[in-house]
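Given next are the chains, with one letter for each unit.
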Amino acid sequence: MMVSLLGLYGCQAFESLQPLPPIPFEPSAKDISYVRDVKPVLDRTCIACHACYDAPCQLKLTAAGGVTRGASKDVVYTSARLLNASPTRLFIDAQTTAQWREKGFFAVVDDSTDNPGRSIDNLNTSLISQMIALGREQPLAPHSRVPEDIQLGLQRDNQCPKLSEFDRYANEKPLQGMPLAITGLADKDYQTLQNWIWQGAVIDEPPWTRTASRCSGCASSMRAMRVPFPAPKRGAILSGRPTAGTSPSSQPVS
Ligand code: HEC
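Residues numbered from 1 in each chain as written. Predicted model: local features only at pLDDT ≥ 70, side-chain atom pairs only at ≥ 80, totals over all residues.

Draft legend 1. Structural view of the overall build of the protein chain. Along its length, the protein chain carries 10 helices and 0 strands. Traced from its N-terminal end to its C-terminal end, the protein chain shows the element sequence α-α-α-α-α-α-α-α-α-α. Burial status across the protein chain gives 21% buried among its 254 residues. If you take every contact in the protein chain between residues at least 6 apart in sequence, the share linking residues at least 24 apart comes to 71%. (Helix = DSSP H or I, 4+ residues; strand = E, 2+ residues; numbered from the N terminus. Buried ≥ 20, exposed ≤ 12 C-beta atoms within 10 Å, placed from the backbone. Contact = placed C-beta atoms within 7 Å.)

Draft legend 2. Quick look at the nonpolar core. Of all hydrophobic cores here, the largest spans 31 residues; its most connected members are V108, V109, I128, I132, L193 and I197. Listing elements by their share of this core, those giving two or more residues are α2 (34–45), α6 (127–137) and α8 (187–198). Once you skip the residues sitting within four places of it in the chain, I128 turns out to touch V108, V109, L193 and I197. (Core = buried A, V, L, I, M, F, W, Y, C linked by C-beta atoms within 7 Å.)

Draft legend 3. Representation of the confidence of the model for the protein chain. Confidence in the prediction for the protein chain averages 80 pLDDT; 74% of positions are at 70 or higher. Segment residues 1–17: pLDDT under 50, and 2 contacts once partners within four positions in sequence are set aside and those in other chains are kept. Note that pLDDT drops below 50 for residues 237–254; the model gives that stretch 23 contacts with residues more than four away or on any other chain. (pLDDT = per-residue confidence, 0-100.)

Draft legend 4. Highlighting the packing of α2 against α8. Where α2 contacts α8, the axes come no closer than 10 Å and their chain directions differ by 125 degrees. Classified by the interaxial angle, the pair formed by α2 and α8 is oblique. Classified by chirality, the crossing of α8 by α2 is left-handed. Judged by residue contacts, Y34, D37, V38, V41 and T45 of α2 engage D189, T192, L193 and W196 from α8. The residue inventory of the contact of α2 with α8, partitioned by class, reads 5 nonpolar, 2 polar and 2 charged. (Axes fitted to C-alpha atoms, helices over the stretch in contact; angles between N-to-C directions. Parallel < 35°, antiparallel > 145°, perpendicular 65-115°, else oblique. Left-handed = near helix turned anticlockwise from the far one by under 90°. Nonpolar A, V, L, I, M, F, W, Y, C, P; charged D, E, K, R; others polar.)

Draft legend 5. Layout of α8. With 12 residues, α8 should reach 16 Å at 1.5 Å per residue; the first-to-last C-alpha distance of 16 Å fits that figure. Of all the 12 residues making up α8, 9 are buried; the element is thus mostly covered by neighbouring parts of the structure. Residues of α8 that are buried make contact with α2, α5 (120–124) and α6. A positive phi of about 110 degrees marks G200, the residue just after α8. (Expected span 1.5 Å × (residues − 1).)

Draft legend 6. Here's a closer look at the site of the ligand. Close to the ligand lie 25 residues; C46, C49, P56, A71 and C160 are nearest. Examining the composition of the shell around the ligand, we find that 4 residues originate from one element, α6, more than from any other. In the shell around the ligand, the residues fall into 20 nonpolar, 4 polar and 1 charged. (Near = placed C-beta within 6 Å.)

Draft legend 7. Spatial organisation of unusual backbone geometry. Put simply, M178 and P179 share a cis peptide bond, and its omega is -5 degrees. Checked against the element boundaries, P179 lands in the loop between α7 (166–172) and α8. The backbone phi angle of Q58 is positive, close to 55 degrees, even though this residue is not glycine. Locating Q58 in the fold gives a position in the loop between α2 and α3 (64–69).

Draft legend 8. Here's a closer look at the environment of L175. Mapping L175 onto the fold places it in the loop between α7 and α8. Between the C-alpha atoms of L175 and L140, which are 35 residues apart in sequence, the distance is 7.7 Å. Apart from residues no more than four positions distant in its own chain, L175 is found in contact with Q138, L140, P147 and I150.

Draft legend 9. Inspection of the packing of α6 against α8 at higher detail. Across the interface, α6 lies against α8 with an axial gap of 10 Å and an inter-helix angle of 155 degrees. When the interaxial angle is binned, α6 and α8 end up roughly antiparallel. Seen from above, α6 lies across α8 with left-handed handedness. Here α6 contributes I128, S129, I132 and R136 to the contact with α8, which in turn contributes Y190, L193, Q194 and I197. Residues belonging to the contact of α6 with α8 are distributed by class as follows: 5 nonpolar, 2 polar and 1 charged.

Rendered as structure tokens:
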């Protein structure tokens, strides 16, 4: 029994220690900025898919907080779920990377302090580097049909591989690097992302916080939109006439 258990664990440990092939890239002397250089690339090429609450692997690339939060294997909408699940709304249900890790999210850019500054190891330990390198290795021809074995749509069965599982993902799904199912990244964009990660994936923008002042204009903008509160009676909507007491100007807006 003991021997077989050791065998199992030994095998798992060995699998996760397999070095991934080196990531091809051209080191740049220029400092890459997340705000100036990286975010525009993510906005242009990734957020068509990685933006919603149920983005693949819950990886939201629309904000720096989503990049540092990383990915999760948990599916947010599933009809098979019998019990309530804790929501995972970015900026709301957890605030720090450590809190997201407790909720099962794992890094897509190396966030350990093992390799400060420029380091090739940052690339090997970042899922974004691995995924875009795979996409570059096996590019889809422009203006061609998406290969049959790339499943798209809401029923897609995502793997959301962790780093230790990436080798298997790349072997089983060689055409499914990122960006998925579209013509790959332009060389300049690829180099920008890889150089940013090589340089330590620094986020050069202040952390997003919710403050009262952010919403100071909310009441006035709701008034400007003339949102009736509470909702007018049904007859009033149909006749187009406001019911007494539901005029936006006479209602408190909170
Ligand atoms: C057409 C939709 C689409 C686009 C565009 C796209 N992705 Fe993805 N991405 C996916 C899907 C679907 C998966 C899940 C793949 C799987 O695990 O089977 C995924 C998975 C990932 C993962 C792996 C997460 C994990 O858990 O291992 C990373 C990292 C990633 N994408 C980064 C990017 C980046 C960076 C871009 C832009 C350069 C991008 N993606 C563009 C659909 C897309």
